[in-house]
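Spelled out from the first residue to the last, the chains are:
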Amino acid sequence: MENFVAFNPTSLHFGRHILEGLAPTVRQYGDRVLLVYGRGSVKRSGLYDRILRSLKEAELALFEYGGIQPNPVIEDVEAAAAVGREHHVEVVLAVGGGSVIDSAKAIALTIPVSHPAWDFFTGKTTPTKGLPLITVLTLAATGSEMNSIAVISNKEAYYKAPLRSPFAFPKHSFLDPEVTTTVPRDYTAYGVADLIAHCMEVWFGAGDCPMSDRLVLSIIKEAMEAGPLLLTDLRNYDLRSRIMYAATLALNGLTTQGKVSGDWCVHVVGHVLSLLYDVPHGASLTIVYPAWMHFFKDQIGERIALLGSEMFEERLNVDEAISRIENFFIALGCPAKFRDLDIPNLSVDDILEAMEIGKVNGMHLKLKPADYPKLVEMFL
Ligand code: NZQ
Ligand code: ZN
């Protein structure tokens, strides 16, 4: 087991009626609030009205930036930060899925500085402060609600880039599973796939920590049990709560304690597909993972077979394990190959160029630029 420092300052507020505590919590951090949300689901569900009412009753001054898109872009981060600066906001409140929360993290880091937000993502500057961020999660998938990561696209730079900063952790995240009962079937499935993929990235990462293995297997099994049931009963509170909790645990830092790192190559390739073709994040992972496992099976065949055997509770060889995992994702309703998405203007050259710009690589198993064409061919 590796040495590690555990740090996670996010307070998690989980369960029914938990939003009753939102306004008093926001108030602790200031009176001027920037509310950030997506493209309309919060308005359609009535959540926007509920939150607005409670914040107004608490006499908070509200400013807002709506319209954050899935696979969020840097332009929205800049525009929202400008609104925040203009109104001297003291707190950022994100209401949405991973795209809204990631954007809100970048917005909260950008408001206090005078340089472009993108500088944080290229590493030109490192965040040293940020406005307090509070989130209301509406979609279980990314774990963004309890981690320090933000992933933002810059189409001009041809790069969907991750940022990790201790200043990006939300102060508080409010998770009412009821709020997620309106997530449509496809995004519910992508969320289940994403949380399983987070566990797989850790499973295939560097370093040996049996506790980590046990944790990720437990989270995967929880998702494998509750996920398919949820997809036949989308409004079921108990199933929503099981998936929501599993998704938070899958990427809040817990599972990598005692390891050197996860691998994350599949995520980085997935980001290329999302950048170029707006592929939903979870779907990008179910496309890339089977190909990635086939690509590396000579190096990590035993590890793949062990994962499959544990997941499906029978002894599987490496090829059987890959095919069972792939079929599980397909049964959820996720794509297994890029061609399943029916994207008309696909360009392998564009994918390869974005992979080079993104310096696609794994933190454990190294994928070389010379390997890119083969991997791409395998998942197309
Ligand atoms: O925009 P609105 O109208 O809100 O609709 C969204 C969007 O269309 C909708 N939605 C969200 N909550 C809903 C709902 N629809 C009905 N009812 C609700 N309660 O769902 C769609 C997808 O939302 P999005 O936020 O894009 O999904 P997700 O949570 O999967 O976030 C994906 C983004 O997070 C990044 C991904 O790369 C991607 O950009 N990730 C962030 C990570 C992190 N910060 O740790 C790690 C992940 O691996 C991932 O990279
Ligand atoms: Zn992910």
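Conventions adopted
- Residues numbered from 1 in each chain as written.
- Chains lettered and ligands numbered in written order.
- Predicted model: local features only at pLDDT ≥ 70, side-chain atom pairs only at ≥ 80, totals over all residues.
- Heavy atoms only, no water.
- Near = heavy atom within 4 Å.
- Polar contact = N/O pair within 3.5 Å; in protein donor to acceptor, adjacent residues only side chain to side chain.
- Areas by Shrake-Rupley, 256 points an atom, 1.4 Å probe, with all protein chains shown as cover.
- Nonpolar A, V, L, I, M, F, W, Y, C, P; charged D, E, K, R; others polar.
- Domains from an automatic or database assignment.
- Helix = DSSP H or I, 4+ residues; strand = E, 2+ residues; numbered from the N terminus.
- Contact = heavy atoms within 4.5 Å.
- Phe/Tyr/Trp six-rings, centres within 6.5 Å; stacked < 30°, edge-to-face > 60°.
- Buried < 20%, exposed > 50% of the residue type's maximum accessible area, 1.4 Å probe, protein only.
- Lys NZ or Arg CZ within 6 Å of the ring centre and 35° of its normal.
- Donors = N, O, S within 2.8 Å, 3.2 Å for Na, K, Ca; no water.
- Salt bridge = Lys/Arg side-chain N within 4 Å of Asp/Glu carboxyl O.

### A few points about the site of ligand 1
Neighbouring ligand 1 are 32 residues, the closest being Ser41, Gly98, Ser99, Asp102 and Thr138. Within the backbone of glycine 40, one N or O atom sits 3.1 Å away from an oxygen atom of ligand 1. At a separation of 2.7 Å, a nitrogen atom of ligand 1 approaches a polar side-chain atom of threonine 138. Its free accessible area being 960 Å², ligand 1 has 91% of it covered by the protein chains. Residue classes in the shell around ligand 1 are distributed as twelve nonpolar, 16 polar and four charged. Per-domain counts for the shell around ligand 1 show at least three residues from each of domain 1 (11-179) and domain 2 (185-379).

### Quick look at the environment of threonine 25
Along the chain, threonine 25 falls in helix 1 (residues 22-27). Put simply, threonine 25 and isoleucine 134 are 109 residues apart on the chain and 8.6 Å apart in space, counted from C-alpha to C-alpha. Excluding residues within four positions of it along the chain, threonine 25 makes contact with His13, Ile134, His172 and Phe174.

### Looking at the packing of aromatic side chains
When we look at a pair of aromatic rings, we describe it by the centre distance and by the angle of the planes. Throughout the structure, instances matching the rule amount to 13 aromatic pairs. Judged by centre distance (6.4 Å) and plane angle (40°), the ring pair of phenylalanine 204 and tyrosine 289 falls under tilted. Here phenylalanine 204 is found in the loop between helix 7 (185-203) and helix 8 (210-231), whereas its partner tyrosine 289 is found in helix 11 (residues 281-295), with 85 residues between them in sequence. Exposure class is identical for phenylalanine 204 and tyrosine 289. Each is buried. Arranged with centres 6.2 Å apart and planes meeting at 55°, the rings of phenylalanine 328 and phenylalanine 329 form a pair that is tilted. Judged on exposure class, the residue phenylalanine 328 and its partner phenylalanine 329 are both buried. Chaining the aromatic ring pairs together yields one cluster made of Phe204, Tyr289, Trp292, Phe295 and Phe296. For lysine 43, the ring lying beneath its charged end belongs to tyrosine 48, and the centroid distance is 4.6 Å. One residue, arginine 303, lies across the ring of tryptophan 203, its end atom 3.7 Å from the ring centre.

### A word on the coordination of the zinc ion (ligand 2)
Tetrahedral coordination by four donors places them ideally at 109.5 degrees to one another around the metal; octahedral coordination by six donors ideally gives 90 or 180 degrees. The coordination sphere of the zinc ion (ligand 2) contains the protein donors Asp194 (OD), His198 (NE2), His267 (NE2) and His281 (NE2), at a distance range of 2.0 to 2.1 Å. In terms of primary sequence, the donors binding the zinc ion (ligand 2) are separated according to D-x3-H-x68-H-x13-H. Of this pair, histidine 198 sits in helix 7 while histidine 267 sits in helix 10 (residues 265-277), and the two are 69 residues apart along the sequence. Just as histidine 198 is buried, histidine 267 falls in that class too.

### Section: the pattern of salt bridges
Applying the stated criterion across every chain, the model contains eight salt bridges. Glutamate 225 is the salt-bridge partner of arginine 242, the closest N and O atoms lying 2.6 Å from each other. One end of the pair, arginine 242, is in helix 9 (residues 237-250); the other, glutamate 225, is in helix 8, with 17 residues separating them in the sequence. Classification of glutamate 225 as partly exposed rests on a relative accessible area of 48%. Between arginine 324 and glutamate 314 there is a salt bridge; the shortest N-O distance is 3.3 Å. Of the two residues, arginine 324 sits in helix 13 (residues 318-332) while glutamate 314 sits in the loop between helix 12 (297-312) and helix 13, which places them ten residues apart along the sequence. Residues joined by salt bridges that share partners form a network here, namely Glu222, Glu225 and Arg242.

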